[in-house]
Amino acid sequence: MPVIPVKTPSASYNVTIAAGLLQTLESRLKKLNPGKPLRVFVVTSPEIWGLWHKSFLASFKEAPTVLFLPAGERHKRLASVESLAEQLSHSGADRDSILIAFGGGVIGDITGFLAAIYMRGIRYVQVPTTLLAQVDSSIGGKTGVNLATGKNLIGSFHHPQAVFADTNVLATLPAAQLRAGLQESLKAGVIYDARLFRYMEQNAEAILAGDPASLTRVVSASVRVKADVVSKDEKESGLRMILNFGHTIGHAIEAATNYKQLLHGEAIAWGMIAALNVASARGTFSAKEADRVTNLILRYGPIPAFKATAKNLVALTARDKKNRSGIRSFVLPTAIGTTEIVRDVTEPELTAATESMLSLMHRQTTPTKKRKS
Ligand SMILES: NC(=O)c1ccc[n+]([C@@H]2O[C@H](COP(=O)([O-])OP(=O)(O)OC[C@H]3O[C@@H](n4cnc5c(N)ncnc54)[C@H](O)[C@@H]3O)[C@@H](O)[C@H]2O)c1
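Residues numbered from 1 in each chain as written. Predicted model: local features only at pLDDT ≥ 70, side-chain atom pairs only at ≥ 80, totals over all residues.

Caption draft 1: Expanded view of the domain arrangement of the protein chain. As assigned here, the protein chain comprises domain 1 (3-172) and domain 2 (175-364). Those elements that provide at least two residues to the side of domain 1 that touches domain 2 are strand E1 (3-7), strand E2 (12-18), helix H5 (131-137) and strand E8 (150-157). The biggest single contributor to the side of domain 1 that touches domain 2 is H5, with five residues. Its residues placed into classes, the side of domain 1 that touches domain 2 shows 15 nonpolar, seven polar and three charged. (Domains from an automatic or database assignment. Helix = DSSP H or I, 4+ residues; strand = E, 2+ residues; numbered from the N terminus. Nonpolar A, V, L, I, M, F, W, Y, C, P; charged D, E, K, R; others polar.)

Here's what the structure looks like:
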C-alpha cells in the first residue's frame, strides 16, 4: 500500500493510497490520536454520503456526526463556513474534535479552512473522493473559500493530520470528472516526473477505462509529485510555483466562462497547451515534444470548447493571483519532467500562443452547454 510522506516545516503527515481504505478509518484515526477519545465530525455532500456512507461507517463503533454541504463551487463561500461552524458548536465540537473532509476539492478546501479557524484551529483529516482531490487539493494544506471577485481569495495554510485516498470511490465519479483529474496527473508528469508521463502515454486506454490497478499507480505517482514539491517549498516561494503549469491561461478561461462551463482540470488542459505553445515558440522546449504532450492532453479529453478571444484571455491573466507587482510568472517545460519559471513572457507572445491554442480547439471540438456548478 503506497504511503507517501509530506514533510514541511509546519507539519508532517502521510498520504495513504489504497482500495478499501474507507472501511478502515476508525482504527487509522485512533492510531493518529492515541489515548484520546475520538470525537469525529464529517463534512460531506448528500450525494457523496448517499453513495458511500455504508463503507464509510463500516469501521466506526460510534457513528460520527455528519454535517452536509450542497455540492458545487458556488457553495465554497464564507457563509458555508459560518453555517458549518454554528453546527459544530451546536453539536458540542471542541478543540479535541476531529473533522473529516469527505468529498472533492470543494469540501476539502472548506473543511480545511473550517478546521483552521474553528476554536482557532482543530485537527482534520482528508478523505478525498474525486481524482483531483486525491492527486492535488487534499495535499499541501492550502484551504479557503471564494469571494465574488475571485477564487480562493480567503484562506489559510492548515495541513491535515493525514490523507486517506481510497481509489474505490473513483468508481462512481462521472467520466468527465475522472478525465479532468487525469489532466492534473498529466501536469504532474510534465513538470516533474517523466516516468509518470510515459506510463500515462503507454497505458492511456486502461487508465481512461478506470482500471483500478492503473488508476492506483497514477494516483500514487501524482501524489508523490505533489508531496515532494510541497515538502520542498511549503508556502510557494519557489519550487511550488511549478504546480501552476497551465494555470495562467487556465484561470483566465475559467474566469471568461464564469467558472461554469469547464471543469478546473479541463481549463488547465487548454492552459497547458497554451503554455506549451509559448515554450516551443521560444525554442526552450522542442516542437516535437510539445506536440507529443499536446496529443496526450487531447487523448485524455475530450476537452470542451468555449467561447473567448485570445485578447480577452490575455487581459484576464493580468488579474492572476500569482502575479507579483504586475509581472506574470510563467511555468514552462524545458523537457518532459522538468520546467523553468520565467517572468518575461510578453503580451504579444502570450497572445500568439493563446491564438494557436484556440485554433487547435476549433479544429478539435464543438462548444458544450453550460455546466451547473
Ligand atoms: N487546496 C488546493 O491545493 C487545491 C488544488 C486544486 C484545486 N482546488 C480546489 O478544488 C476544487 C475543485 O475540486 P473537485 O474538482 O474535486 O470538484 P468538487 O469538489 O466540486 O467535486 C466535483 C463533483 O463531483 C462530485 N463527487 C465527488 N466525489 C464523487 C464520487 N466519488 N462519486 C460521485 N460524485 C462525486 C461532487 O459532489 C461534485 O458534484 C476547486 O474549488 C479548486 O479551487 C484546491
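Caption draft 2: The site of the ligand, seen in detail. Gly104, Gly105, Thr129, Thr130 and Ser137 are the nearest of the 28 residues found near the ligand. Elements supplying a minimum of two residues to the shell around the ligand: helix H2 (46-57), helix H4 (105-117), H5 and E8. Classifying every residue of the shell around the ligand by side-chain character gives nine nonpolar, twelve polar and seven charged. (Near = placed C-beta within 6 Å.)

Caption draft 3: Examining the sheet that holds strand E9 (residues 162-166) more closely. Spatially, seven strands are ordered E1-E2-E9-E6-E5-E3-E4 in an open sheet, and the strand pairing comes out mixed. In this open sheet, the two strands that pair with only one neighbour each are E1 and strand E4 (65-68). This sheet shows a mean twist of 20° between the axes of neighbouring strands, independent of strand direction. By the bridge criterion, two bridges tie strand E6 (residues 123-128) to E9 in an arrangement that is parallel. When the sheet's bridge partners are listed, valine 125 is paired in E9 with alanine 162. (Pairing = 2+ DSSP bridges. Axes fitted to C-alpha atoms, helices over the stretch in contact; angles between N-to-C directions.)

Caption draft 4: Expanded view of helix H6 (residues 175-192). The end-to-end C-alpha distance of H6, which contains 18 residues, comes to 26 Å, matching closely the 26 Å that a straight helix rising 1.5 Å per residue would cover. Counting buried residues along H6, 15 of its 18 residues qualify, which places the element largely inside the surrounding structure. (Expected span 1.5 Å × (residues − 1). Buried ≥ 20, exposed ≤ 12 C-beta atoms within 10 Å, placed from the backbone.)

Caption draft 5: Region of interest: the packing of helix H10 (residues 247-256) against helix H11 (residues 264-282). Across the interface, H10 lies against H11 with an axial gap of 7 Å and an inter-helix angle of 135°. Taken together, the axes of H10 and H11 lie oblique to each other. The two elements H10 and H11 cross, and the hand of that crossing is right-handed. Contacts between H10 and H11 involve His247, Thr248, Ile249, Gly250, Ile253 and Glu254 from the former and His264, Ala267, Ile268, Trp270, Gly271, Ala274 and Ala275 from the latter. Split into classes, the residues belonging to the contact of H10 with H11 amount to seven nonpolar, five polar and one charged. (Parallel < 35°, antiparallel > 145°, perpendicular 65-115°, else oblique. Left-handed = near helix turned anticlockwise from the far one by under 90°. Contact = placed C-beta atoms within 7 Å.)

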